[in-house]
Amino acid sequence: LLDAQALYRKVHDKQHDSAEPELLQGHPRALLIYRNLPDILSEEARTTDAIQDEAADYGDPLALLAIKIDRVMQDEAPAGWRGDPVKERIVQNALHPLTGKNRQATQALFDLLKRQTGE
């Protein structure tokens, strides 16, 4: 997995990678998620009908998913969730549908988000 602090710093300093989807420009947390999704999600989870349908309108399905995950974290993650088992479970439950209800992928995504800084 990519170093969260290095990637966040790079994006925050506007050093955009030419390969990054335009949809993610200006969204450093979503970009970090996007860069790690191929390692986290199974091929099956990446090709769910809901993601593919929206990808037809918006482009890269992983970029769209990264934006959704970032939005869920902003909207549903309770303040001070890191280190609080009850609040961490709320976050995991919010992420679970976004990973195709794959427990391993949910845990890997949760671990990535738990390590993120700059929030």
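The following paragraphs examine the structure supplied in this document.

What counts, and at which threshold
Residues numbered from 1 in each chain as written. Predicted model: local features only at pLDDT ≥ 70, side-chain atom pairs only at ≥ 80, totals over all residues. Heavy atoms only, no water. Axes fitted to C-alpha atoms, helices over the stretch in contact; angles between N-to-C directions. Helix = DSSP H or I, 4+ residues; strand = E, 2+ residues; numbered from the N terminus. Left-handed = near helix turned anticlockwise from the far one by under 90°. Contact = heavy atoms within 4.5 Å. Nonpolar A, V, L, I, M, F, W, Y, C, P; charged D, E, K, R; others polar. Parallel < 35°, antiparallel > 145°, perpendicular 65-115°, else oblique.

Axis separation between helix α5 (residues 61-76) and helix α6 (residues 85-95) bottoms out at 10 Å; the angle between their running directions is 145°. In terms of crossing hand, the pair formed by α5 and α6 is right-handed. Contacts between α5 and α6 involve I69, V72, M73 and E76 from the first element and I90, V91, A94 and L95 from the second. Here the contact of α5 with α6 is composed, by residue class, of seven nonpolar, no polar and one charged.

Right, let's talk about the packing of α6 against helix α7 (residues 103-115) for a bit. Put simply, α6 and α7 touch, their axes get as near as 10 Å, and they point 125° apart. Judged by the inter-axis angle, α6 sits oblique to α7. For the crossing formed where α6 meets α7, the hand is right-handed. Taken together, the residues of α7 that come into contact with α6 (itself represented by E88, V91, Q92 and L95) are T106, Q107, L109, F110, L113 and K114. In the contact of α6 with α7, the residues fall into five nonpolar, three polar and two charged.

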